[in-house]
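# Structure assessment
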Amino acid sequence: MKKYNFKHIYVAVLCLFFAVSCSEDNDPVIGPLVPKANEAQDVKTTGFTATWGRVFRGTAYQLDVSETSDFSTFLDGYNSKEITSFLAVIEELDDNTNYYYRVRGIVDGVATPNSNVVAVKTRLIPGDDLTLKGEADFFVGVAVSPERVADPAHDEVYQREFNSITAENAMKMRSIFKGLDASGNIIYDWTESDAIVDYAEDNGMNLHGHALVWHESVPDTLANFGGSNAEFESIVEDYITTVVDRYEGKVDSWDVVNEAVEEGSGGLRASVFVQKMGVDFATKCFRFARNADPVVKLFYNDFNMTTDSAKRNAALSIVDDLIAEDLIDGFGFQMHISFNFPSKEEIETAAADLVSRNLLVHFSELDVRVNASADITEFTEERSLAQSDKVRDVVEVYDALPAANKYALSIWGLKDDDSWILDRFPQDDWPLLFDEEFEKKPAFSGFIEALQN
Ligand code: XIL
């Protein structure tokens, strides 16, 4: 019997290794024998760019494009269309329609087997029959002002598209609380808040009250308060009680406390409310609100909730205390975001923390900046489509929540030039769903597309 020694085994192993590595698809020398079709690029309402990878010794490619995934029919001109590069721009397609493509390489004059099939849906051109509120099974909200609800052009779009409103500023403390009179009673001005409440009532819209306590809207009297902490607290109690009571049955939900947590640190923001009322000021405020109206839904609201997990966890720990006392119904993620963050997964993960607590989820202040790093001077098509994709991500995540957790998804303003982003930051931006002429942007289509999938 023939003996094998170590040398034979060594050579056999080397041969085996060589054979295996030669058969790998990504071998740099040999290369793939069938082309790989990649995700479509530059997807628009009437076209897209099909792309694929090279095939070993390929001299050209044959592209098939079809409206059916089994390629039983072909688009005109796209049955084995011969192409010598790695992409094809397909144009003059229908909007909101599924297309499929695959390629073969030509090697020594012979076609390789088919690549994988890539599916792509062109973007939607929304007709008048498609409205935000019409497609959603949750409230779709918009931030409004007394001036804008009185403007017929705004009013028309508010009523057509939305079934919920939030006062952008008119129901904040500084808009309502105008000081103390000689006897120490709060001087109220209801002009602006009443205008918003009346508008919601007149048009049968859900009304989200925003916000009873926020460190950026503190009346001067409270910011420079000279009295005792107990007096400060009793003024805040009086304020919350009076406002919630006045709008009982008219306001459907309130942001009781807005933005209590500091960015990054995960600690409480050192607001005047913390200084005067203590670290449990939020619980006290929710108690005041709950005592004033046992039915209205009470929310905690904050920003960077999907990107800053330390901040989210700090907010959740406030909220867990409120849950323990049965003082809270929901949580608002403000969603002031950008075209390139947060990721869809980050939004999903953050929202899951609310679902596991049985809270109502409000995506409360959606706007999607496209120029946070000030790298563009005009609104490019590429940015516009990326913004549309991000809106679609947000709405898809929201729509996929369990029905019992869905409350409202609210946009922080109607048209680009209304947005607070332009006041807050020096550079231009285009963060909303409508342009300056009240025309629907691709971002609007992204919202609708998410609800149609
Ligand atoms: C903003 C308004 O949009 C601006 O008009 C105002 O000058 C400042 O406040 N988080 C909130 C909102 O909770 O109340 C803020 O609204 C935006 C950030």
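Refer to the structure above for everything that follows.
In this text the structure is predicted, and so the values were computed from the model without any measurement. (Residues numbered from 1 in each chain as written. Predicted model: local features only at pLDDT ≥ 70, side-chain atom pairs only at ≥ 80, totals over all residues. Heavy atoms only, no water.)

### What about the side chain of Ser 164?
Its place among the elements puts Ser 164 in strand E10 (residues 164-167). Its relative accessible area of 1% is what places Ser 164 among the buried residues. Polar side-chain contacts of Ser 164 include one of 3.1 Å to the side chain of Asn 206. Discounting residues that sit within four places of it in the chain, Ser 164 has contacts with Phe 139, Val 140, Gly 141, Val 142, Met 205 and Asn 206. (Helix = DSSP H or I, 4+ residues; strand = E, 2+ residues; numbered from the N terminus. Buried < 20%, exposed > 50% of the residue type's maximum accessible area, 1.4 Å probe, protein only. Polar contact = N/O pair within 3.5 Å; in protein donor to acceptor, adjacent residues only side chain to side chain. Contact = heavy atoms within 4.5 Å.)

### Points about the site of the ligand
Inspection of the region around the ligand gives 13 residues, with Glu 168, Lys 172, His 210, Asn 258 and Glu 365 positioned closest. In the model, an oxygen atom of the ligand is placed 2.9 Å from a nitrogen or oxygen of the Asn 169 side chain. Taking Glu 259, its side chain carries an N or O atom lying 3.1 Å from a nitrogen atom of the ligand. According to the grid-proximity analysis, the pocket containing the ligand is the largest pocket. Class assignment for the residues of the shell around the ligand results in 3 nonpolar, 5 polar and 5 charged. (Near = heavy atom within 4 Å. 1 Å grid on protein atoms, 1.4 Å probe; cavity = no way out; pocket = protein on both sides within 12 Å on 5 of 7 lines; lining within 4 Å. Sits in = over half its atoms within 2 Å of the grid points. Nonpolar A, V, L, I, M, F, W, Y, C, P; charged D, E, K, R; others polar.)

### With respect to helix H12 (residues 344-355)
The end-to-end C-alpha distance of H12 is 16 Å, a good match for the 16 Å that 12 residues give at a rise of 1.5 Å each. Among all positions of H12, only Ile 347, Ala 350, Ala 351 and Leu 354 are buried. Angular distribution of buried residues about the axis of H12 spans 95 degrees; they occupy a single face of the element. Packed against the buried residues of H12 are helix H11 (309-324), strand E17 (330-333), strand E19 (360-369) and helix H13 (381-399). (Expected span 1.5 Å × (residues − 1). Arc of directions from axis to C-beta.)

### A word on empty space enclosed by the protein
Within this structure, the stated rule accounts for 1 cavity of 30 Å³ or more. Its boundaries defined by the atoms lining it, the largest cavity holds a volume of some 50 Å³. Secondary structure elements with two or more residues in the lining of the largest cavity: strand E14 (213-214) and strand E15 (253-258). (Points joined across faces, edges and corners; volume = space filled by probe spheres on them.)

### Let's talk about the environment of Gly 264
Note on placement: Gly 264 falls in the loop between E15 and helix H9 (272-277). On the basis of relative accessibility, which here comes to 45%, the residue Gly 264 falls in the partly exposed class. In sequence terms Gly 264 and Glu 378 are 114 residues apart; their C-alpha atoms lie 32 Å from each other. Excluding residues that lie within four positions of it along the chain, Gly 264 makes contacts with Asp 308 and Ala 310.

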